[in-house]
Amino acid sequence: VQLQASGGGLVQAGGSLRLSCAASGRTFRDYTVGWFRQAPGKEREFLAAIRWNSRHTYYADSVKGRFTISKDNTKNMVYLQMNSLVPEDTAVYYCAADRQLITSAIMTPDSYDWWGQGTLVTVSS
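Residues numbered from 1 in each chain as written. Predicted model: local features only at pLDDT ≥ 70, side-chain atom pairs only at ≥ 80, totals over all residues. Heavy atoms only, no water.

Caption draft 1: Spatial organisation of the sheet that holds strand S1 (residues 2-6). Pairing in this open sheet of four strands is antiparallel, and the strands run S1-S3-S8-S7 from one edge to the other. Looking at strand neighbours, the two that pair on one side only are S1 and strand S7 (67-72), the edges of this open sheet. With direction set aside, neighbouring strand axes in the sheet form an average angle of 20°. As defined by bridge partners, strand S3 (residues 17-24) adjoins strand S8 (residues 77-82) across six bridges and the pair is classed as antiparallel. Pairing of Cys-21 across the sheet is with Val-78, part of S8. (Pairing = 2+ DSSP bridges. Helix = DSSP H or I, 4+ residues; strand = E, 2+ residues; numbered from the N terminus. Axes fitted to C-alpha atoms, helices over the stretch in contact; angles between N-to-C directions.)

Caption draft 2: Summary view of the pattern of salt bridges. Scanning the model with the defined rule gives five salt bridges in all. Ionic pairing is found between Arg-37 and Glu-45, a salt bridge with its closest N-O pair at 2.8 Å. The exposure class assigned to Arg-37 is buried, which follows from its relative accessible area of 9%. Residue Arg-37 pairs with Asp-89 through a salt bridge whose shortest N-O separation is 2.8 Å. With Arg-37 in strand S4 (residues 31-38) and Asp-89 in the loop between S8 and strand S9 (91-99), this pair connects stretches of sequence that are 52 residues apart. Asp-89 carries the same exposure label as Arg-37, and that label is buried. (Salt bridge = Lys/Arg side-chain N within 4 Å of Asp/Glu carboxyl O. Buried < 20%, exposed > 50% of the residue type's maximum accessible area, 1.4 Å probe, protein only.)

Caption draft 3: Broad picture of the state of the cysteines. Scanning the entire structure with this criterion turns up one disulfide. Each sulfur of the disulfide joining Cys-21 and Cys-95 lies 2.2 Å from the other. Taking the sign of the torsion about the S-S bond as the criterion, the disulfide between Cys-21 and Cys-95, at about 70°, is right-handed. On the criterion of sequence distance, the pair formed by Cys-21 in strand S3 and Cys-95 in strand S9 is long-range, its members being 74 residues apart. (Disulfide = S-S within 2.5 Å.)

Caption draft 4: Summary view of the pairing of strand S5 (residues 45-51). Counting buried positions along S5 gives six out of seven residues, so the element sits mostly inside the fold. Relative to S5, S4 runs antiparallel, the two being bridged by six bridges. When the sheet's bridge partners are listed, Val-33 is paired in S5 with Ile-50. Hairpin remark: S4 followed by S5, antiparallel, with six residues in the connecting loop; positive phi at Gly-41, about 80°. The turn linking S5 back onto strand S6 (residues 57-59) is made up of five residues, and Arg-55 within it adopts a positive phi angle of 70°.

Following this line, the structure appears as structure tokens:
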């Protein structure tokens, strides 16, 4: 499956952005889709994930309450709504997907076989 992340941009602190992840080649059915980010000089960080079939969602503690992951079955899209952004949220954001991920593997980037190209989010102070 090929993934395309979009929706990044420049936003002021306190603002919001919604990122989108589109799949081409097949649907997200049976997949777990996750969002990660990577800031310069830092490791890739898990943010949120959703199981397409069950709609179960998972969040990193660092974004719980500010970020919301959701999906649109008809459009075959996964979204990451980001609110109350702070400069520390500045990073390249990636969506990733894989099938049959066990729960303990969801937060690990290496668990995902499919990755989008990333979209840059810059939060100004």
